Amino acid sequence: MKTLLRRDFLRLAAIAPIAYAPLLHASDASPEIAFTFDDPKVDSTARLRWQDINDRMLQALAVRKLQATLFVCGKRIDHPEGKDLIAQWGRAGHAIANHSYSHLYFNASGSPGSDANVTLAEFEADALKNEPLIANCTHFKRLFRFPFFKEGDTISKRDGMRQFLKEHNYRIGRATIDASDWAISTRLELRVKENSHAELSPYRDFFLQHIWDRAHYYDSLSRRVLGRSPRHTVLLHHNPLNALFLDDLIAMFVAKGWKPVDSDYAYRDEVYDRQPNILPAGESLIWALAKETGKFEKELRYPGEDDTYENPKMDALKL
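Fair warning: this is a prediction, and the values are worked out from it, not measured in the lab.

Okay, the overall build of the protein next. Summing up its helical and strand segments, the protein has eleven helices and nine strands in all. Within the protein, buried positions represent 54% of all 319 residues. Carbon and sulfur atoms make up 51% of the accessible area of the protein, which totals about 14,200 Å².

Our next topic: the pairing of strand S2 (residues 69–72). Residues Thr69 and Phe71 of S2 are buried on one face, and the alternating residues Leu70 and Val72, pointing to the opposite face, are buried as well. For the crossover from strand S1 (residues 32–38) across helix H2 (residues 50–63) to S2, the handedness is right-handed. Pairing of S2 with strand S3 (residues 95–98) involves four bridges; the strand directions are parallel. Looking at S3, one finds that Phe71 is bridged to Ala97. Of the crossover connections in this fold, the one passing from S2 over helix H3 (residues 80–91) to the parallel S3 is right-handed.

A few words on H2. The end-to-end C-alpha distance of H2, which contains 14 residues, comes to 20 Å, matching closely the 20 Å that a straight helix rising 1.5 Å per residue would cover. For H2, the complete set of buried residues consists of Trp50, Gln51, Ile53, Asn54, Met57, Leu58, Ala60 and Leu61.

Note on placement: Asn242 falls in helix H8 (residues 240–255). Taking the relative accessible area as the measure of exposure, Asn242 reaches 0% and is therefore buried. Here Asn242 is in contact with Phe37, Met57, Asp181, Phe207, Leu236 and His237, once residues within four sequence places are set aside.

What follows is about the nonpolar core. With 77 residues, the main nonpolar core has Phe35, Phe37, Leu249 and Phe253 as its most contacted residues. Counting residues per element, this core draws most heavily on helix H7 (residues 201–226), which supplies ten residues. Of all hydrophobic cores here, the second largest spans eight residues; its members include Phe71, Ala97, Val271 and Leu285.

Reading the values: the criteria
Every residue gets a number counted from 1 within its own chain, in the order that chain's sequence is written. Local features are withheld for residues below a pLDDT of 70 in this predicted model, meaning they are given only at 70 or higher, and side-chain atom pairs are given and counted only at 80 or more; totals for whole chains, interfaces and linings count all residues. Side-chain figures throughout are based on the complete set of non-hydrogen atoms in the structure, without hydrogens or water. What counts as a helix is a DSSP run of H or I of at least four residues, what counts as a strand is a run of E of at least two, and both are numbered from the N terminus. Summary of the burial criterion: residues with accessible area below 20% of their type's maximum are buried, those above 50% are exposed, and those between are partly exposed, where the area comes from a 1.4 Å probe applied to protein chains only. Only the protein chains shown count as covering a residue, and every accessible area follows the Shrake-Rupley method with a 1.4 Å probe. By convention, orient the strands away from the viewer: a clockwise path from the first strand over the helix to the second makes the crossover right-handed. What makes two strands pair is DSSP finding at least two bridges between them. Given the number of residues in a helix, its expected span is that number minus one, multiplied by 1.5 Å. Any two residues whose heavy atoms approach within 4.5 Å at even a single point are treated as in contact. In this description, a nonpolar core means a group of buried Ala, Val, Leu, Ile, Met, Phe, Trp, Tyr and Cys residues linked to one another through side-chain atoms lying within 4.5 Å.

Structural measurements only, silent on function.
Here is the structure:
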């Protein structure tokens with residue numbers, strides 16, 4: 001694979017449409033952004049042991065004195081090393097939250113009894129199955145994040161799970177900015193597997209541009225839907241990409257005038273208590289609230305974010 005020159009990346013980025021830049025005015029306060037991470041695991045990949053990945057991410061947050069939220073999927077950490085990983089985040093002051101045990105696709109409603117069918121009762125039980133692994137962690141928060149950002153494809157599943165979470169004193173751990181960092185990390189990991197000495201800066205450049213594009217879009221959309229920029233939360237993952245470039249990502253937001261904030265502070269914004277009345281339910285919170293208005297049908301793609309949108313761009317750049 002040829003090394004991508006930075007000017008090539010910038011040339012492609014310049015001709016690619018970046019829609020709906022935020023409508024900023026001189027009087028506007030700086031947008032605020034908090035960081036949340038899904039699916040911590042103890043895999044070693046991309047020349048990094050799981051402990052290296054963990055240490056690098058925690059260090060990037062510590063340097064900026066930022067508190068994040070880690071959404072834990074039980075099946076990925078249900079062993080001594082995994083529990084140690086989670087404990088390290090808790091000791092560092094980060095919130096530990098529930099991302100289910102099995103990472104089921106809640107919008108699956110195939111034939112009863114088939115693998116393509118996930119019932120409300122099964123999904124509820126899976127959320128509770130995860131709780132013993134994290135409930136005793138330092139800084140455990142009763143936030144639940146739906147796997148795949150899918151909150152139910154029927155009224156009974158959507159409203160049933162919302163009621164279940166309320167009864168168990170959970171809030172929904174949504175994010176206002178959705179993204180596909182996982183797809184970029186997958187490409188990076190494959191590249192390193194092919195060539196352990198591969199140049200990784202092109203993946204950093206693409207990652208930063210991707211997150212910046214999505215932050216612009218969802219901030220613009222929030223201003224048009226809410227009339228303001230909320231305390232944003234961005235969905236990222238515990239992976240080699242963020243281990244290598246999280247510090248660069250935070251620095252990018254600072255350089256562009258955004259203010260990184262603690263996730264606990266962000267989740268106190270009243271917008272996170274909104275329950276969008278849409279089906280299928282889910283996606284970014286801002287996407288869902290825009291969908292609810294019925295005014296943005298021409299620009300809202302479904303799903304809101306996916307590797308199918310980013311793969312052609314990465315293919316063009318030979319990533």
